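Each chain, written out:
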Amino acid sequence: MAFGTSVDLTSNTGGIVTPNPFWLASAPPANSGGQIMRAFDAGWGGAVWKTLGTPIQNVSSRFGALHFKGTRAIGFNNIELITDRPLEVNFREIAEVKKRYPKHGVIVSLMVETRDEWRDMIKRSIDAGADGLELNFGCPHGMCERGMGSAVGQEPALNEKITSWAVEFSTIPVLVKLTPNVDHINPHGLAAKRGGAHGVSLINTIKSLIAVDIDRFVPEPRVAGLSTNGGYCGAAVKPIAMHMIGSLARDPDFGLPISGIGGVANWRDAVEFILLGCSSVQVCTEVMLRGYRVVGDMIEGLTEYMRSHGFSTIEEMRGKAVPQFSEWGELDLNYETVAKIDPDKCIGCHACVVACHDGAHQCIHPAPKAAGTRVPVVDESECVGCNLCQIVCPVPDCITMAAVDNGFKPATWNEFQSEGKPLRPKKGAH
Amino acid sequence: MLGPRGGGGVRWTRTGPAARKAARACGRVYDRGPMVDPLNLPEDRSEAGFGDYKPALGPAQALAEANRCLYCADAPCVQKCPTAIDIPEFIRKISTGNLKGSARTILDANIFGMSCARVCPVEVLCVGGCVYNEMDAPPIAIGRLQRYVTDAALAEDWRYFTAGPASGRSVGLVGGGPASLAAAHELRRRGHACTIYDAGHWLGGLNTTGVAPYKLRADDALAEVAYVLGIGGIAVESGVHIGRDVGWDALLARHDALFIGVGLGADRVLDIPGKQLAGIDGAVAFIEKFKLGRVDLGGVKRAVVVGGGNTAVDAVRELVGLGVSEVTMLYRGDEAAMSGYEHEWKAAKIEGVRSLWHTQPTAYVERDGRVAGLRCVKLGADKRPLAGEEFEVPAELVLLAIGQARLGELVAGLGGVQLEGGRLIVDADGATGNPRVYAGGDCANGGKEVVNAVAEGKRAALAIDRALTASASK
Ligand SMILES: Cc1cc2nc3c(=O)[nH]c(=O)nc-3n(C[C@H](O)[C@H](O)[C@H](O)COP(=O)(O)OP(=O)(O)OC[C@H]3O[C@@H](n4cnc5c(N)ncnc54)[C@H](O)[C@@H]3O)c2cc1C
Ligand SMILES: Cc1cc2nc3c(=O)[nH]c(=O)nc-3n(C[C@H](O)[C@H](O)[C@H](O)COP(=O)(O)O)c2cc1C
Ligand code: SF4
Ligand code: SF4
Ligand code: SF4
């Protein structure tokens, strides 16, 4: 343990420097100056102001949630739009926050239509003291029908054009916030780069229909008798966010700083995002559900992680997992694992037995009656190493996937195709 | 008997409209005869003063607990349930909001699911088997979840089972406890006519008259009996002592098959000087008195319960609950040797119950014609009285919980039926040596739990059905 390592959490995202990498995402928690100042007091390093544009009118209700087995809101959905507050009030508050918290990062999120509007809004933001801008090309509902938000983010040429306007008008760093509602993220990141952006932030919310009221026959959130698609976020979207972040981070043509967003709920999520290449992370849903106070544990957890892994700066750990995020064709087909059950830890629930029998390869069996134990037996000659059992086992570290030496040298699909490298015999395919 | 309605041999009559209306007003519909109508119990029963020692779960608690269940396969909790309720399945149905389906899962396996949820010693049954014990984490509160579901089923009168098409066969069931009632319910699902004969006036056996009121009260037990009888077609004759009022031959002539579920006999007595004194009672008899009516313990400051089994442990806790200030359990063995459940005895100690181990009463002490105490002697390691170790224990009430009488003469006239150590010998199907006679419950297992009686009654019913169906197709 490198206990003595002194840790510096300072984060730099394309020139936006904040005391730590934890930012409020542009959303209700960053709606007003009073809120953001309370968030900074709680420990947040930066905040992306709730998107400014021509103030809109919102609906009731606006939110929906996916609850699962007693855990509320593992996924979250909203149909609210950008700021509904007068622009003068927003800019006045930005100036006040910056005056009182000069070291914290205030990034202003913008969404307007014409070149003149962009010029005007950027000037007002800079005049108010903003540390950076975030161009909202992501909102998947309401704004896109008006030719903004994801309507821009889904169209690389438009994205590039508007980004270049912003860069032209701005004296402070410009981040482009990308929408995940595209088939492949990289062209959109590259468009922002061509436009001159200093970095990107992703993901915005994912188009979704969160629930149907089964008594009223109306999807949620229900606005009088109707509903519409919303944007999905919260813990459940983290895998989608990480896939998109990883795709950009490993693209040699990209190389811009990334502010990661989507399902960050604790320090572990933040560590994963940073290992995938993010310089900062943004949080919306977890704060909406539980408040600014969650940042205390995030800071402490990240600090302790860095200390225990010998990292003294964010930059040292950033992207450490990127080289290992590869393609299927590069995976070693001869690498073989089997499930091993620790009999001392096993509680005999047989969750692995049903899962393997019904959902995998029928190779975990109850011990024979005579054995007098409920610890199941893995038939290793049949186990395909899928690790479903490990996933369902309720006891931590009870099932491990152990590597097997099968005598075969590593061989990838690509190598098999190009060089005809020998592959091990298939298991469980009969 | 303490029932307010006397008279023997009554066939059940339908409860009057006024009583039914009153019952509906309190959320339940009872429409059975007097001997199962809880509205006919006196309202000022002493048991009414007891609260639930394991209170009902509210919806939020039930949901949280249900969500903790791991939905084990071939689940160890199920293996520990004598009626093999599919516990992971009924719990999953709670968590998905399918409460009616959950109750069906429970009641299909065990029609006494409501009382079992409350009276089962779950610590040594299902809950004792829960895999969470292996993780040193709190096991799932299976009994309380089962109660959550079955309380709703009874309150809402959810019904799942209907009588099968009439088979033309009839079965007589002797005794109206859980064993016979479970058997009759199962037989009705298969279309056989059923008549229950009970020597008393309240159906449900010891489940109604014996179990501790902090687990289950007599009115709830009777409501459940009414629910069970709700399948229809179960005739009840109460106040009929089979073997005395009606002979076995007559019964065999009336029915194609018989099920015997007469339970155990009366409390055993201590044959020592003073045994006729007022203030001495059998524990089971005493419990029945305060469950069905009112007992006056005005002059009782100190009570002694003789015995070390579950009836003794219940009795001491009940006396504390009834307000007796000094309650002592007196047992010839010690804490390690007593057969009462450890978790129950622990609770009794916390409630302030005292104990006298290795002690044997030799005579009652008398004052003004009433019992005033017990003369006792200490027993040595060889269980023999130790000379000079005699002493007196003052007590205004002495309850005897030293076992219940076994069947003796009762089945004497029943050809082929054999006894061993006072219990009926049955095979794995509940069949006796007489091909037309089956048995189950306490009278065959020597005295276990309600859930065993239910399992054995159901098991015998299935065997009777097979036998009757086979003989019909010949
Ligand atoms: C004090 C006490 C507390 C208990 N507490 C619990 C508990 O908490 N949990 C638990 O699971 N179990 C408990 N038990 C045990 C449980 O009550 C019995 O195991 C169960 O009731 C047995 O059911 P049964 O149908 O076999 O017999 P019983 O319930 O004994 O029913 C027998 C019926 O047969 C009738 N009968 C008897 N002889 C004749 C005859 N000759 N003719 C006609 N009818 C007759 C009786 O009137 C009675 O109604 C307790 C028992 C006692 C004594
Ligand atoms: C109610 C709500 C309102 C939002 N409003 C905006 C917005 O105005 N501008 C924007 O760029 N993103 C907006 N978002 C998206 C978030 O900033 C963020 O990208 C997304 O919620 C994913 O992060 P999370 O999983 O931490 O919530 C909003 C999200 C929610 C739930
Ligand atoms: S790894 Fe997959 S195949 Fe092997 S035992 Fe586990 S579930 Fe079955
Ligand atoms: S899932 Fe885990 S704890 Fe349960 S039986 Fe399998 S190995 Fe044991
Ligand atoms: S053993 Fe426990 S966790 Fe498993 S199914 Fe039974 S109650 Fe649920």
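Reading guide: rules and limits
Residues numbered from 1 in each chain as written. Chains lettered and ligands numbered in written order. Predicted model: local features only at pLDDT ≥ 70, side-chain atom pairs only at ≥ 80, totals over all residues. Heavy atoms only, no water. UniProt positions renumbered as here; feature names shortened; annotations may be inferred. Contact = heavy atoms within 4.5 Å. Buried area = accessible area lost by both parts, 1.4 Å probe. Salt bridge = Lys/Arg side-chain N within 4 Å of Asp/Glu carboxyl O. Polar contact = N/O pair within 3.5 Å; in protein donor to acceptor, adjacent residues only side chain to side chain. Nonpolar A, V, L, I, M, F, W, Y, C, P; charged D, E, K, R; others polar. Pairing = 2+ DSSP bridges. Helix = DSSP H or I, 4+ residues; strand = E, 2+ residues; numbered from the N terminus. Axes fitted to C-alpha atoms, helices over the stretch in contact; angles between N-to-C directions. Parallel < 35°, antiparallel > 145°, perpendicular 65-115°, else oblique. Left-handed = near helix turned anticlockwise from the far one by under 90°. Near = heavy atom within 4 Å. Areas by Shrake-Rupley, 256 points an atom, 1.4 Å probe, with all protein chains shown as cover. Buried < 20%, exposed > 50% of the residue type's maximum accessible area, 1.4 Å probe, protein only. Expected span 1.5 Å × (residues − 1). Arc of directions from axis to C-beta. Domains from an automatic or database assignment.

- In the annotation of an unreviewed UniProt entry, the entry for chain A reads dihydrouracil dehydrogenase (NAD(+)), and the organism field reads Nannocystis bainbridge.
- Under Sequence similarities (unreviewed entry), UniProt gives the following word-for-word description of chain A: "Belongs to the dihydropyrimidine dehydrogenase family."
- In its Function (unreviewed entry) section, the UniProt entry covering chain A states "Involved in pyrimidine base degradation. Catalyzes physiologically the reduction of uracil to 5,6-dihydrouracil (DHU) by using NADH as a specific cosubstrate. It also catalyzes the reverse reaction and the reduction of thymine to 5,6-dihydrothymine (DHT)."

## Some details on the interface of chain A and chain B
And step 1. Listed as interface residues are 10 residues of chain A and, on the opposing side, 13 residues of chain B.
And step 2. When the area that chain A buries against chain B is broken down by residue, the three leading residues are A:Lys69, A:Ile347 and A:Arg374, summing to 56%.
And step 3. Where chain A packs against chain B, one counts one salt bridge.
And step 4. Note that B:Asp74 and A:Arg374 form a salt bridge whose closest N and O atoms lie 3.9 Å from each other.
And step 5. Taken together, the links from chain A to chain B amount to four residue pairs in polar contact (both at pLDDT 80 or more).
And step 6. Residues belonging to the side of chain A that touches chain B are distributed by class as follows: five nonpolar, three polar and two charged.

## Let's talk about the sheet that holds strand β2 (residues 193-198) of chain B
Residues and elements named next belong to chain B.
And step 1. Across the sheet, five strands lie side by side as β3-β2-β1-β4-β15; this open sheet has parallel pairing. Lying at the two open borders of the sheet, with one neighbouring strand each, are β3 (234-238) and β15 (437-439). Averaged over all pairs of adjacent strands, the angle between strand axes in this sheet comes to 20 degrees, irrespective of strand direction.
And step 2. Examined bridge by bridge, strand β4 (residues 257-260) and β15 share three bridges and lie parallel to one another. By the bridge assignment for β15, Ile260 is matched with Ala439.
And step 3. The sheet strands contacting helix α9 (residues 178-189) are β1 (170-174), β2, β3 and β4, and the helix crosses β2 at an angle near 170 degrees.

## Remarks on the packing of helix α14 (residues 310-321) of chain B against helix α15 (residues 342-350) of chain B
Residues and elements named next belong to chain B.
And step 1. Running from N to C, α14 and α15 point in directions that differ by 25 degrees, and their axes come no closer than 10 Å. Taken together, α14 and α15 sit at an angle that is classed as roughly parallel. In this structure, α14 meets α15 at a crossing whose hand is left-handed. Here α14 contributes Val313, Val316 and Arg317 to the contact with α15, which in turn contributes Glu344, Trp345, Ala347 and Ala348.
And step 2. Here the contact of α14 with α15 is composed, by residue class, of five nonpolar, no polar and two charged.

## Here we look at the sheet that holds strand β4 (residues 46-52) of chain A
All names here are of chain A.
And step 1. Pairing is parallel in the closed barrel, where eight strands are placed in the order β3-β4-β7-β8-β9-β10-β15-β16. Taken over all neighbouring pairs, the strand axes of this sheet differ in orientation by 25 degrees on average, direction set aside.
And step 2. Relative to strand β9 (residues 174-177), helix α5 (residues 156-169) is tilted by about 155 degrees, and along the sheet it contacts β8 (132-136) and β9.

## Some points on the site of ligand 5
And step 1. In the neighbourhood of ligand 5, the contacting residues comprise B:Cys69, B:Leu70, B:Cys72, B:Ala75, B:Cys77, B:Pro88, B:Cys130, B:Val131, B:Ile140 and B:Ile142.
And step 2. For the shell around ligand 5, the class distribution of residues is 10 nonpolar, no polar and no charged.

## Concerning the site of ligand 1
Residue and element names in this part refer to chain B.
And step 1. Taken together, 34 residues surround ligand 1, and among them Val119, Asp198, Leu206, Lys215 and Asp442 come closest.
And step 2. In this structure, a nitrogen atom belonging to ligand 1 sits 2.8 Å away from a main-chain N or O atom of Val119.
And step 3. In the model, a nitrogen atom of ligand 1 is placed 3.0 Å from a nitrogen or oxygen of the Ile242 main chain.
And step 4. Taken by itself ligand 1 offers 1000 Å² of open surface, and the protein chains cover 90% of this.
And step 5. Taken together, the elements giving at least two residues each to the shell around ligand 1 come down to α9, β2, α10 (206-209), α13 (283-292), α14 and α17 (450-472).
And step 6. A breakdown of the residues in the shell around ligand 1 according to their chemical character gives 16 nonpolar, 12 polar and six charged.

## Side note on the environment of A:Ile341
Residues and elements named next belong to chain A.
And step 1. As for its position among the elements, Ile341 is in strand β17 (residues 336-341).
And step 2. Judged by relative accessible area, which is 18%, Ile341 ranks as buried.
And step 3. Distance from Ile341 to Asp397, taken between C-alpha atoms, is 8.9 Å for residues 56 residues apart in sequence.

## Notes on helix α3 (residues 115-128) of chain A
The α-helix advances 3.6 residues per turn, and as a result positions three or four apart in sequence lie on the same side.
All names here are of chain A.
And step 1. Across its 14 residues, α3 extends 20 Å between first and last C-alpha, which sits within 8% of the 20 Å expected from 1.5 Å per residue.
And step 2. Taken residue by residue, α3 has Trp118, Met121, Ile122, Ser125 and Ala128 as its buried positions. Seen from one end, α3 has its buried residues packed into an arc of 125 degrees, which puts them on one side. For α3, the exposed residues lying more than 90 degrees away from the buried face are Asp116, Lys123 and Asp127.
And step 3. Looking at the packing, one finds that the buried side of α3 touches β4, α2 (87-100), β7 (105-110), β8 and α5.

## Describing the pairing of strand β11 (residues 385-394) of chain B
Successive residues of a regular strand alternate their side chains across the two faces of the sheet.
All names here are of chain B.
And step 1. In the sheet, strand β10 (residues 370-379) pairs with β11 via six bridges, with the strands oriented antiparallel. The partner of Leu379 across the bridge, within β11, is Pro385.
And step 2. Hairpin connection from β10 to β11: five residues lie between these consecutive antiparallel strands, with Lys383 at a positive phi of about 70 degrees.

## Structural notes on the domain arrangement of chain B
All names here are of chain B.
And step 1. Structurally, chain B comprises domain 1 (59-155), domain 2 (165-265 + 407-472) and domain 3 (280-400).
And step 2. On a C-alpha basis, the centres of domain 1 and domain 2 stand 27 Å from each other.
And step 3. Listed per partner, the contact involves 19 residues of domain 1 and 21 residues of domain 2.
And step 4. For the pair domain 1 and domain 2, the summed buried area comes to about 1800 Å², and 71% of that belongs to carbon and sulfur atoms.
And step 5. Remark: the boundary between domain 1 and domain 2 carries two salt bridges.
And step 6. Summed over the shared surface of domain 1 and domain 2, the result is six residue pairs in polar contact (both at pLDDT 80 or more).
And step 7. Counting residues per element, the ones that place at least two in the side of domain 1 that touches domain 2 are α5 (99-109), α6 (113-119) and α8 (142-156).
And step 8. Among the elements that make up the side of domain 1 that touches domain 2, the one with the highest residue count is α6 (six residues).
And step 9. Residues that form the side of domain 1 that touches domain 2 fall into these classes: 13 nonpolar, four polar and two charged.

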